[in-house]
Amino acid sequence: MSTYYGEFSVSNDALGDGQELRRRMDEDGYLFIKGLLDPGKLLALRQEILQVCRAGGWLIESTELMEGVADVSRQCTEGDPEYLEVYHEIYKLESFHRSGHWPEVLDVMENVVAGSVLPHPQKIARLWFPKYTEHTTPIHQDYVHFQGVYDTYTCWAPVGDCPRELGGLALLPGSHKINAVHAHHFSLGAGALAIDEEELPRDWLTTDYEIGDSLIFHSLTVHQALPNVTEDRLRVSLDNRYQSAEFAIAGHMLEPHIGGEAAITWEEIYKNWESTELQYYWKDLELETLAWIEKWGVQAFEEALDRARQGDPQARHNLRRMLKSDTQSDSAKRATAALAE
Ligand SMILES: O=C(O)CCC(=O)C(=O)O
Ligand SMILES: [Fe+2]
C-alpha cells in the first residue's frame, strides 16, 4: 500500500506566543514555520557549503554552483571515509556553526522550552546524493541518536528550496505521545536504526519546503527523510538540536558530529575562525552530562551481523562501510568474521 503524505500545519500565526507554541508542540509533536530563517543568510551558507562540495569533486564541473548538480558517481554518505573528507571541511565553517545560533531560531526555541535555551554544540549538516534511495534516513525517533532528555528538539531546515522530490523530512503528527522509544532495527540508511513501518499509523505529513522554512520536532516524534529522486541534485540541510539549559545533556552532544576513529576535534574546527564567541560556548555552563545508552546501537549491530551471515546485501554493505574506518575494534573483528562466513 502506498503512503499518502499530507501537508504540515503552519504555525507562523503563533510566533511570539510561547504558550500556544508549546500547546501545539504538545499536541502535534512538531511546529512548521514558513520563512523562519533569513534566505539571504541561508544562500550565503549554501554557497560556502557547495564550494566545499565542488572542491571535493562532488559537483559536475561547469554547472552553476548554487544549483548543486551532483556527480552521481561520487555517491557516498555518513560512515564512508570519502563523505567525511568533505563533511569535515564543511564542519570547519564558522558560518555553519553560527547558523545554529541565529536569533530567529533561538527566539522560537526559547518559547518552545519556556526558558533559557541550550543549542547543542554538536551541529549537523546533511549532504544527500540523488538516486541513493537505499541509504535514505529511515523511519526513526531522534532520541535513539541524541539521547539526553526527551524534551530535546530538532530544527530541520533545508539550505535551499527542497521540494518533495529532493527528499525533505516527513513526520507522523502526535507520534511523540507514546512517551517511549519504539523498537529500532538495523537499517542501511543514515543513523542505521529504523522503526518498522507496519507498527505505525500512515498519516504522514511533509511539504515542498522553500528556503527559510523550518521544521521543529520533539525527540520522540517519528520521522524519516523522503528519498532524493531528482536526476542530479544534491540535497543540503541542517538539523540542529535544542533543549532547556536547565536539563542534563547527553555527553556525546558536546562533541563534533560523526567520524569514529577519524573524528575531527574542536581545535581543528576552530583553527581559522574569525571570532571566538561561539568557541566552546558551553564550557562555562557547567552542564550535567549523561552517559551514552548503547542498547539501540548494539542491538542493530547484532542484527546486521546476523543478516550479513545470511547474505543480506544491505547488512554486508553496512559492515564493509564500517570496516573502511575501523579494522581493529572487537566489533570490526566480528564484522570481518561475519562477512567471511
Ligand atoms: O536530513 C536527514 O536525512 C535526516 C534528518 C533527521 O532525521 C533529523 O533531522 O532528525
Ligand atoms: Fe532524525
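Quick look at the coordination of the iron ion (ligand 2)
For step 1, the next point in the chain: Bound to the iron ion (ligand 2) are the protein donor atoms His-140 (NE2), Asp-142 (OD) and His-223 (NE2), situated 2.0 to 2.1 Å from the metal.
For step 2, the next point in the chain: Sequence positions of the residues that donate to the iron ion (ligand 2) give the spacing H-x1-D-x80-H. Placement of Asp-142 in the loop between strand S4 (125-128) and helix H6 (143-146) and of His-223 in strand S11 (residues 223-225) is noted, with a sequence separation of 81 residues between them. Accessibility assignment for this pair places Asp-142 and His-223 in one class, buried.

Remarks on a negative patch on the surface
For step 1, the next point in the chain: Together, Asp-196, Glu-197, Glu-198 and Glu-199 line one region of the surface with negative charge.
For step 2, the next point in the chain: Following the sequence through the fold, Glu-199 ends up in the loop between strand S8 (193-194) and strand S9 (205-206).

Some points on the site of ligand 1
For step 1, the next point in the chain: Not every one of the 14 residues close to ligand 1 is listed here, only the nearest: Thr-137, Asp-142, Arg-235, Asp-239 and Arg-241.
For step 2, the next point in the chain: Between Asp-142 and ligand 1, the recorded distance is 2.8 Å, taken from a side-chain N or O atom to an oxygen atom.
For step 3, the next point in the chain: Side-chain polar atom of Arg-235 to an oxygen atom of ligand 1: 2.7 Å apart, as the coordinates give it.
For step 4, the next point in the chain: Taken by itself ligand 1 offers 290 Å² of open surface, and the protein chains cover 99% of this.
For step 5, the next point in the chain: For the shell around ligand 1, the element with the highest residue contribution is strand S12 (residues 235-244), accounting for 4 residues.
For step 6, the next point in the chain: Residue composition of the shell around ligand 1, by class: 4 nonpolar, 5 polar and 5 charged.

Re the packing of helix H9 (residues 313-323) against helix H10 (residues 330-340)
Geometrically, a packed helix pair is captured by the angle between its two axes and the distance between the axes.
For step 1, the next point in the chain: Two elements in contact, H9 and H10, have axes separated by 10 Å at closest approach and are oriented at 140°. It follows that H9 is oblique to H10 by the angle criterion. For the crossing formed where H9 meets H10, the hand is left-handed. Residues Arg-316, Leu-319, Arg-320, Met-322 and Leu-323 of H9 pack against Ser-331, Ala-332, Ala-335, Thr-336, Ala-338 and Leu-339 of H10.
For step 2, the next point in the chain: Its residues placed into classes, the contact of H9 with H10 shows 7 nonpolar, 2 polar and 2 charged.

Comments concerning the pattern of salt bridges
For step 1, the next point in the chain: For the structure shown, the criterion picks out 25 salt bridges.
For step 2, the next point in the chain: Salt-bridge contacts for Lys-92 lead to Glu-89; the nearest nitrogen and oxygen are separated by 3.0 Å.
For step 3, the next point in the chain: By relative accessible area, which is 37% here, Glu-89 ends up partly exposed.
For step 4, the next point in the chain: Glu-277 is paired through a salt bridge with Arg-98; the nearest N and O atoms lie 3.2 Å apart. Of the two residues, Glu-277 sits in the loop between helix H7 (266-270) and strand S14 (289-290) while Arg-98 sits in helix H4 (residues 94-99), which places them 179 residues apart along the sequence.
For step 5, the next point in the chain: Judged by relative accessible area, which is 55%, Glu-277 ranks as exposed.

Observations regarding the domain arrangement of the chain
For step 1, the next point in the chain: When cut into domains, the chain gives domain 1 (6-291) and domain 2 (294-341).
For step 2, the next point in the chain: With 21 residues of domain 1 in contact, the opposing surface of domain 2 contributes 14 residues.
For step 3, the next point in the chain: Regarding the contact of domain 1 and domain 2, the summed buried area is about 1500 Å², with carbon and sulfur atoms giving 54% of it.
For step 4, the next point in the chain: Looking only at domain 1, the three residues that lose the most surface to domain 2 are Phe-186, Leu-188 and Glu-261, adding up to 40% of its buried area.
For step 5, the next point in the chain: Counting across the interface, domain 1 meets domain 2 through 3 salt bridges.
For step 6, the next point in the chain: Across the pair Asp-80 and Arg-321 runs a salt bridge whose closest N-O atoms are separated by 3.0 Å.
For step 7, the next point in the chain: For the pair domain 1 and domain 2, the number of links is 7 residue pairs in polar contact (both at pLDDT 80 or more).
For step 8, the next point in the chain: When residues of the side of domain 1 that touches domain 2 are traced back to their parent elements, those giving at least two are helix H3 (81-91), H6 and strand S7 (185-186).

Overview of the pairing of strand S5 (residues 152-158)
For step 1, the next point in the chain: With 7 of its 7 residues buried, S5 lies for the most part within the structure.
For step 2, the next point in the chain: Here S5 shows a buried face lined by Thr-152, Thr-154, Trp-156 and Pro-158 and a second buried face lined by Tyr-153, Cys-155 and Ala-157.
For step 3, the next point in the chain: As judged from the 7 bridges shared by S5 and S12, these two strands associate in the antiparallel manner. Counterpart to Ala-157 in the pairing with S12 is Leu-238.
For step 4, the next point in the chain: With 4 bridges joining them, S5 and strand S10 (residues 214-218) adopt antiparallel strand pairing. Each residue of the ladder has a partner; that of Trp-156, found in S10, is Leu-215.

Considering the packing of aromatic side chains
Any aromatic ring pair is given by two values, namely how distant the centres are and how the planes are angled relative to each other.
For step 1, the next point in the chain: Here the structure, examined in full by the defined rule, presents 19 aromatic pairs.
For step 2, the next point in the chain: With 5.0 Å between their ring centres and 40° between their planes, Phe-8 and Phe-32 make a pair best called tilted. Remark: Phe-32 occurs in strand S2 (residues 30-33) and Phe-8 occurs in the loop between strand S1 (6-7) and helix H1 (18-28); sequence separation between them is 24 residues. An identical accessibility class is assigned to Phe-8 and Phe-32; each is buried.
For step 3, the next point in the chain: Cation over ring: Arg-241 sits above Phe-146, and NZ or CZ is 3.7 Å from the ring centre.

Description of H1
For step 1, the next point in the chain: Within H1, burial applies to Gly-18, Glu-20, Leu-21, Arg-24 and Met-25. Along the long axis of H1, the arc covered by the buried residues comes to 170°, so they all point the same way. Relative to its buried face, H1 has exposed residues pointing more than 90 degrees away, namely Gln-19 and Asp-26.
For step 2, the next point in the chain: Looking at the buried residues of H1, the elements they touch are S2, helix H5 (103-113), S5 and S10.
For step 3, the next point in the chain: One or two residues past the end of H1 sits Gly-29, with phi positive at roughly 80°.

Procedures and definitions
- Residues numbered from 1 in each chain as written.
- Chains lettered and ligands numbered in written order.
- Predicted model: local features only at pLDDT ≥ 70, side-chain atom pairs only at ≥ 80, totals over all residues.
- Heavy atoms only, no water.
- Donors = N, O, S within 2.8 Å, 3.2 Å for Na, K, Ca; no water.
- Helix = DSSP H or I, 4+ residues; strand = E, 2+ residues; numbered from the N terminus.
- Buried < 20%, exposed > 50% of the residue type's maximum accessible area, 1.4 Å probe, protein only.
- Patch = residues over 30% accessible without salt bridge, like charges linked within 9 Å, V, L, I, M, F, W, Y side chains within 5 Å.
- Areas by Shrake-Rupley, 256 points an atom, 1.4 Å probe, with all protein chains shown as cover.
- Salt bridge = Lys/Arg side-chain N within 4 Å of Asp/Glu carboxyl O.
- Lys, Arg positive; Asp, Glu negative; His and termini not counted.
- Charge placed at Lys NZ, Arg CZ, Asp CG, Glu CD.
- Near = heavy atom within 4 Å.
- Polar contact = N/O pair within 3.5 Å; in protein donor to acceptor, adjacent residues only side chain to side chain.
- Nonpolar A, V, L, I, M, F, W, Y, C, P; charged D, E, K, R; others polar.
- Axes fitted to C-alpha atoms, helices over the stretch in contact; angles between N-to-C directions.
- Parallel < 35°, antiparallel > 145°, perpendicular 65-115°, else oblique.
- Left-handed = near helix turned anticlockwise from the far one by under 90°.
- Contact = heavy atoms within 4.5 Å.
- Domains from an automatic or database assignment.
- Buried area = accessible area lost by both parts, 1.4 Å probe.
- Pairing = 2+ DSSP bridges.
- Phe/Tyr/Trp six-rings, centres within 6.5 Å; stacked < 30°, edge-to-face > 60°.
- Lys NZ or Arg CZ within 6 Å of the ring centre and 35° of its normal.
- Arc of directions from axis to C-beta.

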